[in-house]
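Topology and contacts: notes
So you can see what is in the structure, the chains are spelled out below.
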Amino acid sequence: MLLPALLYVAFGFLSCANASCSPEITYGEFPFRIEYEIHGERVIIEDTIICKFDGFNLNWDTADKTRRWKIYFASGRESGARNLADLKINENDQIYFSLGNPDYYMGEEGGYFGFRAFKLNNGVGINYPTIEPDELYDTYGIKVISYEFSDPIVNTFK
């Protein structure tokens, strides 16, 4: 009984199934620019999202491995609590702009990108519901004027 389980785990480490292969490109820098108003004051943020390969996570129940990435801002600005480039724009109300995840920027299938605003509830959140532009302005006095993001890289995994 133990031998088949060990073979299954070993196969998971040796095969490229389930995102278990190393990326050819392990580091990337992705400049962005966001312009918005908050309570009538114009703010421009220009920074760079940095993504770096950080090994693998192993699901011991299934022996599946997934790639793990570090993500942070070049400026040293703090990101959100998750493995996403979340940019806090309003300290009092805990309003963030979501700028995507490292999987997207580093060329993985299924990576997430979707510029949106969301609010943490009591400092935590599970679904992080999107705040629509009208509500963002009417409730929090925030109006997005423009945003520009880098495209993801084309990467291979071996």
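These lines cover the structure that appears in this document, whether it is placed above or below.

In this section: the overall build of the chain. Each helix and strand in the chain was counted, giving three helices and eight strands. Ordered by position from the N terminus, the helices and strands of the chain form the series α-β-β-β-β-β-α-β-β-α-β. Looking at the chain as a whole, 39% of its 158 residues qualify as buried. Put simply, the chain shows about 9,400 Å² of open surface, and 51% of that area lies on carbon and sulfur atoms.

Our focus in this paragraph is the sheet that holds strand β7 (residues 130–131). On the basis of which strands lie adjacent, the open sheet formed by four strands has the order β4-β5-β6-β7 and antiparallel pairing. At either end of the open sheet lies a strand with only one pairing partner, and these are β4 (86–90) and β7. Sheet topology places strand β5 (residues 95–98) next to strand β6 (residues 116–119); four bridges connect them, and they run antiparallel. Bridge pairing in β6 places Ile95 opposite Lys119.

Scoring rules and cut-offs
Residues numbered from 1 in each chain as written. Predicted model: local features only at pLDDT ≥ 70, side-chain atom pairs only at ≥ 80, totals over all residues. Heavy atoms only, no water. Helix = DSSP H or I, 4+ residues; strand = E, 2+ residues; numbered from the N terminus. Buried < 20%, exposed > 50% of the residue type's maximum accessible area, 1.4 Å probe, protein only. Areas by Shrake-Rupley, 256 points an atom, 1.4 Å probe, with all protein chains shown as cover. Pairing = 2+ DSSP bridges.

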